[in-house]
Amino acid sequence: MLKTSQSRNKSNLQTQFIPYFLKGNTEYGDSHDGRDSERSGNVKQVVVGICAMAKKAQSKAMKEILARLGEFPYIKLVTFEETVILQEPVQNWPICDCLISFHSKGFPLEKAIKYAQLRNPFLLNKLDKQYDILDRRRVYAILEKEGIEIPRYAVLDRDMANPKQRELIESDDHVEVNGIIFNKPFVEKPVSAEDHNIYIYYPSSAGGGSQRLFRKIGSRSSVYSPESRVRKTGSFIYEDFMATDGTDVKVYTVGPDYAHAEGRKSPALDGKVERDREGKEIRYPVILNHTEKLIARKVCLAFKQTVCGFDLLRANGKSYVCDVNGFSFVKNSNKYYDDCAKILGNIILRKLTATLSTPLSISFRLDEPPIMPTIFGKMMELRCVVAVIRHGDRTPKQKMKVEVRHRKFFEVFEKYNGYNLDHVKLKKPKQLQEILDIARFLLAEIQKNSGVEIWEKESELEQMKTVLEMHGHFSGINRKVQIKYQSKGWPCGSRSDNGEHCAKQCKANLETDQSPDPSLILVLKWGGELTPVGRVQAEELGQIFRCMYPRGQGRADYTGTQGLGLLRLHSTFRHDLKIYASDEGRVQMTAAAFAKGLLALEGELTPILVQMVKSANTNGLLDNDGDCNYYQNLAKDRLYELMQNDREFTQVDREKINPCNNKSINQALNFVKNPVYCCHHVLLLIRELLHVISVKKDDPRTKNAILYHEETWDLMRCRWEKIEKDFRSKSKKFDISKIPDIYDCIKYDVQHNQHTLQYDRAEELYVYTKNLADIVVPQEYGLTRQEKLAIGHGICSPLLRKIKTDLQRNIDEVEDEFMNRLNPHYSHGVASPQRHVRTRLYFTSESHIHSLLTILRYGELLNVVTDQQWRRAMEYISTVAELNYMSQIVIMLYEDPTKDPTSEERFHIELHFSPGVNCCVGKNLPPGPGFRPHSHDDCDSLRSSGEMNPAELAEETQKPKELLTHQTEFGFKCLSLRAKLRSKPTTTIHNHKPSGRKAMNLDNELVSLQHEFPQFYPQFRPISPDIRSDKIVCEPRSRSPEQRALDDNCAKLPVPPIRPLETLHNALSLRQLDYFLQDMIGAQFSRSMPLMPKTDTTSGGQQYILSPTFFQGGSEAGSTVRIHSELGHKEEIVQKRRHK
């Protein structure tokens, strides 16, 4: 024993007594009349026996608790030797008054029960109930009986004679156990609690496979396996998988009225055990809410285990118990050791005090320290981060559209309820396999020459088969088939890949005067997959994103990267993180990769996707399901018509194409000059590229070359041939709508395939196409201000509502039992234990980024005339030509609790923007306003006002004045001077107004630093495109060795860096933004837009387009316009109202 500690604490322990909340509670242990041992003289002691395997009895946690328990003057500890436990009969075991005994591997539990029956000691943990804990079936049965929430489950007992209790039917994405269906993801647990091999099976839509959990081996607790089939031998419990946002809670009870809870990273997430510098698993204590405290009490009493651990899952607004571990202790917590020893000592003495000659008078109460403050003076607390982010680098999107008439296609259409819906979408592997089987069958029939007439073309069936057979399996998220019903066949004159068939059929129908037979339009879409480069981009952005949180620029810790502050927030349940993604595979995988970097996870993306990413496609939140498609198509028609003029742009043309006078579009118009000539030049370059591809394909030296992402020369040729065919029609007119597709393809090949392709004029094709795309892409979302607002509102109004709600919850939020907070008892080393940050991340496609930026830009959030900072921001956005992969719009909300809740100074909003990845060609990008430009003076103002944290002040004063750099893992450098600009809560400045002078002074200072320290200049401006080109490769660490071998060629390529965030405004009030969002949500832009007729020269009929007079401020009187399609199938009534 530690004598010093013993003498220091003995007087305290002698004056302690049973806590008030333990009086009258004896039902968790056995009743006992008492048994005592004599001490020297007449003073008696209670002998406490410790009967456990040596590995457990001699563990550090057990020693710490026993050392404190031995300091009680009336308690004597006796530890049973392991050899005695295993070899000696129970009659030879030491006699004790109280027994602490528990099962572990190799422990003779039956023998311990016989000892208890022989000596009848007071049992802290009842021994026979420990058999229940060893059987997961009994555990769940007891929990159900006590009314404790558990996951929905079913038992597959293969040892039962009754066949109804061992029925298992397995399908691709679900299993049926004894008549109960479990859709993937689901959990498969052995019925024996000593078997820790628990499997989690993932759906094919998330990539399939399974995560295999096991007892910790070194720093691993699980591994990902591609195996998706359940085990066929043994008995198991199958249960629903509970998504917990990647964090689990382990609860440790000491009696029914005390529970210590710790948060840790879920072992199912990536399998890596996070450890500190001493090699101990990192956990953070958390506070249980009232419901969870009641659960802890029920578990303790139901299993009659005074000391008991169990696992808690927080999901869907509830708390579920998924496992009960029995006797277990917290590791590395002196506070817990003190509490545990005090409670156990008092339980023992209270139970056995009648046997002592001297009555005890003991008082005991756990300390309740005050809540620690989170802010100092005017420092503001980060409360909410909302970010809307575009997906990462992807393969080119491709599709083929064909008319099919074979009965097998109609059978599939009917099977999936197509006649009721008029269309079907097929994405599941089983559904895609059916289409592939039909294509194979029809190709076999064509090759047999059986004489049966087959409508479908052999070349189209071959391409369909090739696409569906890519990668050797269906992942379910990178290919899909849409089938639409045509009651009278495909309309004559419609362009399709099966145009010759359509023309012949139309001619035959006209000659015979017959109505055409019904047919199906099959649209096969593929490509658009997140590339390895895209994964790395998303993961790196997640790592950099951590630095926006408090202490995000702190020293590197166990993660090897910066941003420990966020990791601690998340591990302690003080971080309310939700990640949403649209239903597109590339978007979901981007979200998973970002989460991997944000939370310092390892391993495959599939487990992260299933647990961390929520699908947002149910309410149109992130999918383009708004009512703007009609108006957007009309705006596109106007744009495409303006781009068909075979002459240099006149001033009138420029005003019509770019009425908002965007600088980037003006620059592109200057380059293009004549759109028809420019398109013609692009077409010639495409044909030249096709020739190069053919030569490379036939050249023995290059024909076996592996292109990026497993693409073959044939697939590349087909991709470009289809573009070349679609770009120019037989009437010699260019299809302007194909320009974005051409740009996607050439950008992809220049970035990923140029080292193999070696096309000398690839960069020229890229530049011409990009300038055309810089005109077409942004203007497809509307030409005029009002048109842009109407289309943007239709696309992102659900997202605007959600963002408004996210921000409002920080005002209305009150602390209740359901808020996850760090336990202040154990918050030593945590500077702000009460900090609670809400993060909402929305991953989506380019359309939502365009639309949201349009709403902010043209919705008059601020006045560009009177607000200099907003004017500079809008000028910067006007120069941004492309919202590239990983573009971001970020809203950060801060709170100053020292201000009146009704004051506009209470909440502070910062608005940030990044155009995403740097272009691979033409990297001369315009400089932005910088990130948080006003925070350059924060440290000085804090220092002068005395509001800086003393530790931070000391750290600042000890820094050398010269510039020092250090290199992080991912090649980003940080300067000590740059620390002044780091993302930390800003100070509240009274009458805070944006000042252009301060920003200009900062720019001038940085320019002067550039001349004085040229080697450090990239740190003060947006990150140089080449800063990481020799550091980062496109191979993600999460890929398997086999996948890495396939992509050795791509691993040599640099990853284009992502442009840092630029601050659009940092002095908004929450009330300003809230009112603005409310106005935008309630606006009725699209309902007040009149139409004007436009002659369709191809069909001879009339169409209707948006009237430009309306967008220039004019409007016609309200009237009704009847719109006829050229086929006369449908009529639509459009009510035009005067805008009020």
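Residues numbered from 1 in each chain as written. Predicted model: local features only at pLDDT ≥ 70, side-chain atom pairs only at ≥ 80, totals over all residues. Heavy atoms only, no water.

A.B. asks: Mind laying out the overall build of the protein chain, listing which residues take part and the relevant values?
C.D. replies: If you tally the helices and strands in the protein chain, you get 35 helices and 36 strands. By residue count, 56% of the 1140 residues in the protein chain fall in the buried class. Taking as baseline every contact in the protein chain between residues at least 6 positions apart, the subset at least 24 positions apart corresponds to 74%. Element-wise, carbon and sulfur atoms account for 49% of the exposed surface of the protein chain, whose accessible area totals about 50,200 Å². (Helix = DSSP H or I, 4+ residues; strand = E, 2+ residues; numbered from the N terminus. Buried < 20%, exposed > 50% of the residue type's maximum accessible area, 1.4 Å probe, protein only. Contact = heavy atoms within 4.5 Å. Areas by Shrake-Rupley, 256 points an atom, 1.4 Å probe, with all protein chains shown as cover.)

A.B. asks: Tell me about the pattern of salt bridges, residues and numbers included.
C.D. replies: In total, this model carries 48 salt bridges according to the counting rule given. A salt bridge links glutamate 239 to lysine 189; the nearest nitrogen and oxygen atoms lie 3.4 Å apart. A residue pair is termed long-range when its members are at least 10 positions apart, and glutamate 239 in strand 14 (residues 236–240) and lysine 189 in strand 10 (residues 186–190) qualify at 50 residues. A relative accessible area of 6% means that lysine 189 is categorised as buried. Overlapping salt bridges bring together Glu170, Asp172, Arg229 and Lys232 as one network. (Salt bridge = Lys/Arg side-chain N within 4 Å of Asp/Glu carboxyl O.)

A.B. asks: Could you give an account of the side chain of histidine 912, with specific residues and numbers?
C.D. replies: If you trace the backbone, histidine 912 turns up in strand 29 (residues 907–914). Reaching out from histidine 912, the side chain makes a polar contact with the side chain of glutamate 910 at a distance of 3.1 Å. (Polar contact = N/O pair within 3.5 Å; in protein donor to acceptor, adjacent residues only side chain to side chain.)

A.B. asks: Which residues make up helix 13 (residues 458–468), and what values do they have?
C.D. replies: Those residues of helix 13 that sit buried are Glu460, Leu461, Met464, Val467 and Leu468. Angularly, the buried residues of helix 13 cover 125° about the axis, an arc narrow enough to put them on a single face. Where helix 13 is buried, its residues contact strand 21 (397–404), helix 12 (429–448), strand 23 (479–486) and strand 24 (519–527). (Arc of directions from axis to C-beta.)

A.B. asks: Tell me what's going on with the sheet that holds strand 9 (residues 180–183), and back it up with residues and numbers.
C.D. replies: Read from one edge of the open sheet, 3 strands run 7-8-9, paired in antiparallel fashion. Two strands in the sheet have a free side with no partner beyond their single neighbour: strand 7 (168–170) and strand 9. Neighbour to neighbour, the strand axes of the sheet diverge by 15° on average, direction disregarded. When strand 7 meets strand 8 (residues 174–177), the two strands line up antiparallel, connected through 3 bridges. Paired with glutamate 170 across the two strands is valine 175, which belongs to strand 8. (Pairing = 2+ DSSP bridges. Axes fitted to C-alpha atoms, helices over the stretch in contact; angles between N-to-C directions.)

A.B. asks: Break down the packing of aromatic side chains for me, citing the residues and quoting the values.
C.D. replies: Counted according to the given criterion, the structure contains 24 aromatic pairs. Between phenylalanine 727 and phenylalanine 734, the aromatic rings sit 5.0 Å apart at their centres with planes inclined by 50°, giving tilted as the arrangement. For the pair phenylalanine 727 and phenylalanine 734, one class covers both residues: buried. (Phe/Tyr/Trp six-rings, centres within 6.5 Å; stacked < 30°, edge-to-face > 60°.)

A.B. asks: Can you explain unusual backbone geometry? Please cite residues and give values.
C.D. replies: With the exception of glycine, the majority of residues adopt a negative phi angle, and the majority of peptide bonds are in the trans configuration. Here lysine 184 and proline 185 are connected by a cis peptide whose omega angle stands at 5°. Note that proline 185 resides in the loop between strand 9 and strand 10. Positive phi is not limited to glycine here, since asparagine 316 has a value of about 55°. One non-glycine residue, glutamate 710, lies in the positive phi region at around 65°.

A.B. asks: So what about the sheet that holds strand 22 (residues 423–426)? Which residues, and what values?
C.D. replies: Strand order in the open sheet formed by 4 strands is 21-24-23-22, and the pairing between neighbours is antiparallel. Of all the strands in the sheet, just strand 21 and strand 22 have a single pairing partner and so form its edges. Neighbour-to-neighbour, the strand axes of the sheet open up by a mean angle of 15°, direction not taken into account. The sheet contact formed by strand 23 and strand 24 spans 8 bridges and is antiparallel. When the bridges of strand 24 are listed, tyrosine 485 appears paired with leucine 520. Contacting strand 21, strand 23 and strand 24, helix 13 crosses the sheet at an angle of about 40° to strand 24.

A.B. asks: Which residues make up the packing of helix 15 (residues 532–545) against helix 17 (residues 585–598), and what values do they have?
C.D. replies: Closest axis-to-axis distance for the helix 15/helix 17 pair is 6 Å, and the angle between their directions is 40°. The orientation of helix 15 relative to helix 17 falls into the category oblique. The two elements helix 15 and helix 17 cross, and the hand of that crossing is right-handed. Together, Arg535, Ala538, Glu539, Leu541, Gly542, Gln543 and Phe545 of helix 15 and Met589, Thr590, Ala593, Phe594, Lys596, Gly597 and Leu598 of helix 17 make up the contact between the two elements. Per-class residue counts for the contact of helix 15 with helix 17 are 7 nonpolar, 4 polar and 3 charged. (Parallel < 35°, antiparallel > 145°, perpendicular 65-115°, else oblique. Left-handed = near helix turned anticlockwise from the far one by under 90°. Nonpolar A, V, L, I, M, F, W, Y, C, P; charged D, E, K, R; others polar.)

A.B. asks: Give a detailed account of the confidence of the model for the protein chain, specifying residues and quantitative values.
C.D. replies: The predicted model of the protein chain has a mean per-residue pLDDT of 75, with 69% of residues at 70 or higher. Confidence over residues 814–820 falls short of pLDDT 50; this stretch has 14 contacts with residues more than four positions distant or in other chains. In the predicted structure, residues 826–833 sits below a pLDDT of 50 and forms 22 contacts with residues beyond four places in sequence or in another chain. (pLDDT = per-residue confidence, 0-100.)

A.B. asks: Explain the environment of histidine 680 to me, and be specific about the residues and the numbers.
C.D. replies: Of note, histidine 680 is situated in helix 22 (residues 675–698). Residue histidine 680 is classed as partly exposed on the basis of its relative accessible area of 30%. The sequence separation of histidine 680 and lysine 733 amounts to 53 residues, and the corresponding C-alpha distance is 10.0 Å. Contact partners of histidine 680, with chain neighbours within four places excluded, come to Arg728 and Phe734.

A.B. asks: Residue-level account of the environment of phenylalanine 409, with values.
C.D. replies: Here phenylalanine 409 lies in helix 10 (residues 407–415). On the basis of relative accessible area, phenylalanine 409 is assigned to the buried category, the value being 0%. Residues phenylalanine 409 and isoleucine 483 lie 74 residues apart in sequence; the distance between their C-alpha atoms is 8.9 Å. For phenylalanine 409, the residues in contact, after removing those within four places along its chain, are Val404, Ile438, Leu442, Glu456, Leu520 and Leu522.

A.B. asks: Before we move on, could you go through the nonpolar core and cite the residues and values that matter?
C.D. replies: Within the largest apolar cluster, 52 residues are counted, with the highest numbers of intra-cluster contacts made by Phe545, Leu841 and Phe843. Of all elements in the fold, only strand 11 (198–201), strand 20 (381–390), helix 15, strand 25 (575–581), helix 17, helix 18 (605–612), strand 27 (837–844) and strand 28 (888–895) reach the threshold of two or more residues within this core. Among the elements that take part in this core, helix 17 stands out by supplying 8 residues, more than any other. Not counting chain neighbours up to four residues away, the residues in contact with phenylalanine 545 comprise Val385, Ala387, Phe594, Leu598, Leu841 and Val890. (Core = buried A, V, L, I, M, F, W, Y, C linked by side-chain atoms within 4.5 Å.)

A.B. asks: Kindly report on a positive patch on the surface, identifying the contributing residues and their values.
C.D. replies: On the surface, Lys55, Lys56, Lys105, Arg215 and Lys331 cluster together to form a positively charged patch. Relative to the helices and strands, lysine 56 is located in helix 2 (residues 54–57). (Patch = residues over 30% accessible without salt bridge, like charges linked within 9 Å, V, L, I, M, F, W, Y side chains within 5 Å. Lys, Arg positive; Asp, Glu negative; His and termini not counted. Charge placed at Lys NZ, Arg CZ, Asp CG, Glu CD.)

A.B. asks: Explain the state of the cysteines residue by residue, including any values.
C.D. replies: Evaluated as defined, the whole model comprises 0 disulfides. Here cysteine 51 stays unpaired: no disulfide links it, and the sulfur of cysteine 96, its closest cysteine neighbor, is 8.3 Å away. Taking the relative accessible area as the measure of exposure, cysteine 51 reaches 0% and is therefore buried. (Disulfide = S-S within 2.5 Å.)

A.B. asks: A description of the environment of lysine 56 should follow, citing residues and the corresponding values.
C.D. replies: Accessibility expressed as a relative area gives 39% for lysine 56, which makes it partly exposed. Lysine 56 has contacts with Met62, Phe102 and Ser104, leaving out every residue within four places of it along the chain.

A.B. asks: Talk me through the packing of helix 10 against helix 12; I want residue IDs and the actual numbers.
C.D. replies: Contact geometry for helix 10 and helix 12: axes closest at 10 Å, N-to-C directions at 170°. Considered as vectors, helix 10 and helix 12 are oriented roughly antiparallel to each other. Relative to helix 12, helix 10 is oriented so that their crossing is right-handed. Between helix 10 and helix 12, the contacting residues are Lys408, Phe409, Val412 and Lys415 on the first element and Glu434, Ile435, Ile438, Phe441 and Leu442 on the second.

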